[in-house]
Amino acid sequence: MRVAAVLALVLVLTPAASATHPGWFFNARMNLDSDSAREHLFASYLTHPDEARIYVVDSCRGNDLRYDLAAPGVHMFRDSIHGSRDLGRPGVLFSIHYPDGHTIARVARLRVQQRDECPTPVSLFDYSTESPPRPPPEGLVLQDFVVQVHDYSRRYSGPELRLAEFYGTSEPGPVLSTRFSYFRYSVRSRTYAPYRMVLKPA
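Quick notes on the rules
- Residues numbered from 1 in each chain as written.
- Predicted model: local features only at pLDDT ≥ 70, side-chain atom pairs only at ≥ 80, totals over all residues.
- Heavy atoms only, no water.
- Phe/Tyr/Trp six-rings, centres within 6.5 Å; stacked < 30°, edge-to-face > 60°.
- Helix = DSSP H or I, 4+ residues; strand = E, 2+ residues; numbered from the N terminus.
- Buried < 20%, exposed > 50% of the residue type's maximum accessible area, 1.4 Å probe, protein only.
- Lys NZ or Arg CZ within 6 Å of the ring centre and 35° of its normal.
- Pairing = 2+ DSSP bridges.
- Axes fitted to C-alpha atoms, helices over the stretch in contact; angles between N-to-C directions.
- pLDDT = per-residue confidence, 0-100.
- Contact = heavy atoms within 4.5 Å.

The final tally for this structure, using the stated rule, is 9 aromatic pairs. Centroid distance F125 to F183: 5.0 Å. Interplanar angle 75°. Geometry classified as edge-to-face. With F125 in strand 7 (residues 120–128) and F183 in strand 10 (residues 177–186), the pair connects residues that are 58 residues apart, well separated along the chain. Given a relative accessible area of 5%, F125 falls into the buried group. Overall, F183 belongs to the buried group, its relative accessible area being 8%. On the numbers, 4.8 Å between centres and 50° between planes, the contact of Y127 with F145 is tilted. With Y127 in strand 7 and F145 in strand 8 (residues 141–150), this pair connects stretches of sequence that are 18 residues apart. Across the pair, exposure class does not vary: Y127 and F145 are buried alike. Taken together, the ring pairs connect Y152, Y156, Y182 and Y195 into an aromatic cluster. One Lys or Arg, R66, reaches over the ring of Y55 and ends 3.6 Å from the middle of that ring.

With that settled, consider the sheet that holds strand 8. A sheet is described by the order of its strands in space; here 4 strands give the open sequence 8-9-10-11, paired in antiparallel fashion. Edge positions in the open sheet fall to strand 8 and strand 11 (191–201), since each of these has one partner strand only. Between one strand and the next, the sheet's axes are offset by a mean angle of 20°, whatever the strand orientation. In terms of strand pairing, strand 8 meets strand 9 (residues 160–168) through 9 bridges, oriented antiparallel. Paired with H150 across the bridge in strand 9 is E160.

A low pLDDT means the predicted coordinates there should not be read in detail. For the chain, mean pLDDT is 88; residues scoring 70 or higher make up 89% of the total. Segment residues 1–21: pLDDT under 50, and 65 contacts once partners within four positions in sequence are set aside and those in other chains are kept.

Let us look at the pairing of strand 2 (residues 39–46). For a regular strand, side chains alternate in direction, first toward one face of the sheet and then toward the other. Within strand 2, 6 of the 8 residues are buried, leaving the element largely enclosed by the surrounding structure. When strand 1 (residues 24–30) meets strand 2, the two strands line up antiparallel, connected through 7 bridges. Bridge assignment links W24 to a residue of strand 2, and that residue is Y45. Where strand 2 meets strand 3 (residues 51–60), 7 bridges bridge the pair, whose relative direction is antiparallel. Across the sheet, A43 pairs through a bridge with I54, a residue of strand 3. Taking the residues that link successive antiparallel strands as the turn, the strand 2-strand 3 hairpin has 4 residues, and the phi of H48 there is positive, at about 60°.

The sheet built from 4 strands is open, its strands ordered 1-2-3-4 with antiparallel pairing. With partners counted over all chains shown, the strands left at the sheet margins are strand 1 and strand 4 (63–68), one partner each. Pairwise comparison of adjacent strand axes, ignoring direction, gives a mean angle of 20° for this sheet. One ladder, built from 6 bridges, connects strand 3 with strand 4; its direction is antiparallel. Within strand 4, the position partnered with S59 by the bridge is D64.

Here you go:
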């Protein structure tokens, strides 16, 4: 399944090295946990063989610790990555494509799970084409999706997420219906919670 690009790359994610065609690599400093120090995010897509990775390096008690934010995949779009400046809170949004054809979108951050331990990755939002939250409309299949970050509602503080899922009778083929699902950040659950869903014909 192909992956739709997700908005433009947030400005805080400025590449630290020139991309090599057809792969790319960058690193950026951003806030991924609860303290004021910024962590070091790395992402790359290399060819021959295809490999996509995203991970963070965090300094804890004098040691630099590396954490993968997702299992390595075979492709990732650089402009699907959004940092804390776009999200309005610590974290990073990204999408990765896997060899079996499924794709994930995730918002990850670092969080202390046990007292006196170093922060480790947690997911604030997870989407997979392998197990979407709702089945396609009857007679249709999921063709593609996109996750966008924007201030969609005045009821909630900060930007929200909008998941758009595109459906048709086959893949590839014309889009016949689109489902928009909106997610706000919930302080209670400390994850993105759904608050609205709209299904529209093309």
